[in-house]
Amino acid sequence: GDDNSGRKVITFSCCRMPPSHQLNHTRLLEYLKYTLDQYVENDYTVVYFHYGLKSLNKPSLKWLQTAYKEFDRKYVSKIFDLLVHFYSLLSSMVFNSLTFSFSFYRYKKNLKALYVVHPTNFIKILWNIFKPLISHKFGKKITYLNYLSDLREHLKYDQLNIPQEVLRYVHDENLRRKQKGKLLPVVKVPPPRPPLPTQQFGVSLQYIKDKNKGELIPPVMKETISYLKRKGLQVEGLFRRSASIQTIKDVQKLYNQGKSVNFDDYHDIHIPAVILKTFLRELPQPLLTFECYDHVVGITSVESSLRVTRCKQIIQGLPEHNYVVLKYLICFLHMVSQESLYNRMTASSLACVFGLNLIWPSKGTASLSALVPLNLFTELLIDFYTNIFNSRTVPGE
């Protein structure tokens, strides 16, 4: 899923760890490598479910040392720090402080938040012991959450794939507290408010069109893309960087209230980029529609030479409004990819960022296996924009 800033979320569940003597360590390393490599080039978040860790399934320090030797420099910079931190949580023991002295700037920079759910007191004590050895900036990224419900404040809780073991633990804990007269805190969810006439985020394309004199392209898309065309095409890492959460909320509020936004006032080119991604992600239905999800995921089963034609067929089946907005967006992303010599954002890089912002399943979240076809489909749209979008004209486009 995503957190409230649109960053991808990786979950790690201790209850899913098999007994150490049954674990195929080589396969585990490969799985970690594959999973993290999908995300760590961009900003991301980790949720660590501590419940379920027992002496039987704690990894050994020897395994970490083996992992360090097996990963090349590229993967070490992405993974080893995370393994080290997990080890401090998993092993519940104090180990050589040199382990914490490894500092991989690129990895730590892109990891924006680490939520530790159901931590034990010993974990907190252990963290305080080693805190002086870890940078203050990295330490600020870690948040301890005693209650599962606390995650709602930080990310899209309903999208998370929470293990049944963790849910049962929460249920049992609630029963125990109820018997003792201590109930878990109740999360009060306010009733939904009707959207404002000027609302831009969280409402359908049709709603925005009806409130903007029939304009097909939502104002927030026009303004962010227009600004980025003028000032952001050659910015390195465009769309890969995050921005201040509070600033993004403030800009969203201005748009929803129908007020003008001057991105020059913020002195950060990544703000309009994040706003654009946020707009797409908060649509009630993805731009590529729920109906197209299975067709898009099936793109990898199509012969390579026929994939562009298949993309074109799928796009032709979109509702007119979705088609026009998608064409407007992909045209811009194609322009961005043409400047990849400067911005380092190739069609493949842009697809990794926008794939899950353009389409997601109607229930739950996209599986890990679906990421490859979703990103491939998006990459083909960007790379072959002219070919795919050249045969359909919509009135008012």
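Predicted model, so just to flag it, every value in this text is computed and none were measured. (Residues numbered from 1 in each chain as written. Predicted model: local features only at pLDDT ≥ 70, side-chain atom pairs only at ≥ 80, totals over all residues. Heavy atoms only, no water.)

Regarding its fold elements, the protein presents 18 helices and four strands. Scored against the burial criterion, the 397 residues of the protein give a buried share of 50%. Once local pairs closer than 6 in sequence are excluded, the contacts in the protein between residues at least 24 apart make up 79%. Carbon and sulfur atoms form 51% of the exposed surface of the protein, whose accessible area is close to 20,200 Å². (Helix = DSSP H or I, 4+ residues; strand = E, 2+ residues; numbered from the N terminus. Buried < 20%, exposed > 50% of the residue type's maximum accessible area, 1.4 Å probe, protein only. Contact = heavy atoms within 4.5 Å. Areas by Shrake-Rupley, 256 points an atom, 1.4 Å probe, with all protein chains shown as cover.)

Spatially, β1-β2-β3-β4 is the arrangement adopted by the four strands of the open sheet, whose pairing is parallel. Two strands close off the open sheet at either side, each with one partner strand: β1 (8–13) and β4 (142–145). With direction set aside, neighbouring strand axes in the sheet form an average angle of 20°. Where strand β2 (residues 44–49) lies against strand β3 (residues 111–117), six bridges are found, and the strand directions are parallel. Considered in β3, the bridge of Tyr48 is made with Val116. (Pairing = 2+ DSSP bridges. Axes fitted to C-alpha atoms, helices over the stretch in contact; angles between N-to-C directions.)

A separate point is helix α16 (residues 347–358). Burial runs high along α16: 10 of the 12 residues are buried. Along α16, the positions that sit buried rather than exposed are Ala347, Ser349, Leu350, Ala351, Val353, Phe354, Gly355, Leu356, Asn357 and Leu358. If you follow the buried residues of α16, they end up packed against β1, α11 (270–281), α14 (320–338) and α17 (368–383).

Once that is clear, we can look at unusual backbone geometry. A positive phi angle is found at His118, which is not glycine, with a value near 60°. With respect to the helices and strands, the residue His118 is situated in the loop between β3 and α5 (121–130). Note on His118: relative accessible area 11%, which makes it buried. Of note, the phi angle at His267 is positive, near 55°, even though the residue is not glycine.

Our focus in this paragraph is the nonpolar core. In this structure, Phe239, Ile315, Leu326 and Leu329 are the most contacted members of the largest nonpolar core, which totals 70 residues. Here this core takes nine residues from α14, the largest share from any one element. Excluding anything up to four places from it in sequence, Leu326 contacts Leu287, Leu288, Ile315, Leu318, Leu358, Leu381 and Phe389. (Core = buried A, V, L, I, M, F, W, Y, C linked by side-chain atoms within 4.5 Å.)

You can see Asn343 is positioned in helix α15 (residues 340–343). In terms of polar contacts, Asn343 uses its side chain to reach the backbone carbonyl oxygen of Leu233, at 2.6 Å. A distance of 2.9 Å separates a polar side-chain atom of Asn343 from the backbone oxygen of Val336. Once you skip the residues sitting within four places of it in the chain, Asn343 turns out to touch Leu233, Gln234, Val235, Glu236, Gly237, Leu238 and Val336. (Polar contact = N/O pair within 3.5 Å; in protein donor to acceptor, adjacent residues only side chain to side chain.)

Let us look at the packing of α16 against α17. Pairs of packed helices are described in terms of their axes, by the angle between the two and the distance that separates them. Two numbers describe how α16 lies on α17: the axes approach to 8 Å, and their chain directions differ by 115°. For α16 against α17, the interelement crossing comes out right-handed. Contacts from Ala347, Ser348, Leu350, Ala351, Cys352, Phe354, Gly355, Leu356 and Leu358 in α16 reach Leu371, Leu374, Asn375, Thr378, Glu379, Ile382 and Asp383 in α17. Residues that form the contact of α16 with α17 fall into these classes: 10 nonpolar, four polar and two charged. (Left-handed = near helix turned anticlockwise from the far one by under 90°. Nonpolar A, V, L, I, M, F, W, Y, C, P; charged D, E, K, R; others polar.)

Attention now goes to the confidence of the model for the protein. Reading predicted coordinates in detail is not appropriate for stretches of low pLDDT. The share of residues in the protein with pLDDT of 70 or more is 74%, and the mean pLDDT across the chain is 80. The model gives residues 71–81 a pLDDT under 50, and that stretch makes 33 contacts with residues more than four places away or in other chains. The low-confidence segment residues 88–107, where pLDDT is below 50, has 53 contacts with residues more than four positions distant or belonging to other chains. (pLDDT = per-residue confidence, 0-100.)

Attention shifts here to helix α10 (residues 245–256). In an α-helix, one full turn covers 3.6 residues, which means residues spaced three or four apart are oriented alike. The end-to-end C-alpha distance of α10 is 16 Å, a good match for the 16 Å that 12 residues give at a rise of 1.5 Å each. Within the span of α10, buried status applies to Thr247, Ile248, Val251, Gln252, Tyr255 and Asn256. (Expected span 1.5 Å × (residues − 1).)

The full count for this structure, using the stated rule, is two salt bridges. One salt bridge connects Lys222 with Glu215, and the closest N-O pair in it is separated by 3.1 Å. The class of Lys222 is partly exposed, set by a relative accessible area of 34%. Two residues, Asp264 and Lys231, come together in a salt bridge whose shortest N-O distance is 2.8 Å. In this pair, Asp264 sits in the loop between α10 and α11 while Lys231 sits in helix α9 (residues 219–231), placing the two residues 33 residues apart along the sequence. We classify Lys231 as partly exposed; its relative accessible area is 43%. (Salt bridge = Lys/Arg side-chain N within 4 Å of Asp/Glu carboxyl O.)

What follows deals with the pairing of β2. Most of β2 sits out of view: six of its six residues are buried. Side chains Tyr44, Val46 and Tyr48 project from β2 onto one buried face, and the interleaved Thr45, Val47 and Phe49 project onto a second face that is buried too. Sheet topology note: the β1/β2 ladder contains six bridges and is parallel. Bridge assignment links Phe12 to a residue of β2, and that residue is Tyr48.

Tracing the backbone through its elements, the reader meets His334 in helix α14. Measuring from C-alpha to C-alpha, the distance between His334 and Ile382 comes to 5.1 Å, with 48 residues separating the pair along the chain.

Applying the stated criterion across every chain yields a total of eight aromatic pairs. With centroids separated by 6.1 Å and ring planes inclined at 75°, the aromatic side chains of Phe239 and Phe332 adopt a geometry described as edge-to-face. Here the residue Phe239 occupies a position in the loop between α9 and α10, and Phe332 occupies one in helix α14, the gap between them amounting to 93 residues. Measuring from ring centre to ring centre gives 5.6 Å for Tyr323 and Phe389, while their planes differ by 45°; the resulting arrangement is tilted. Placement of Tyr323 in helix α14 and of Phe389 in the segment after α18 (385–388) is noted, with a sequence separation of 66 residues between them. Clustering of aromatic rings is evident, with ring pairs tying together Phe201, Tyr255 and Phe279. (Phe/Tyr/Trp six-rings, centres within 6.5 Å; stacked < 30°, edge-to-face > 60°.)

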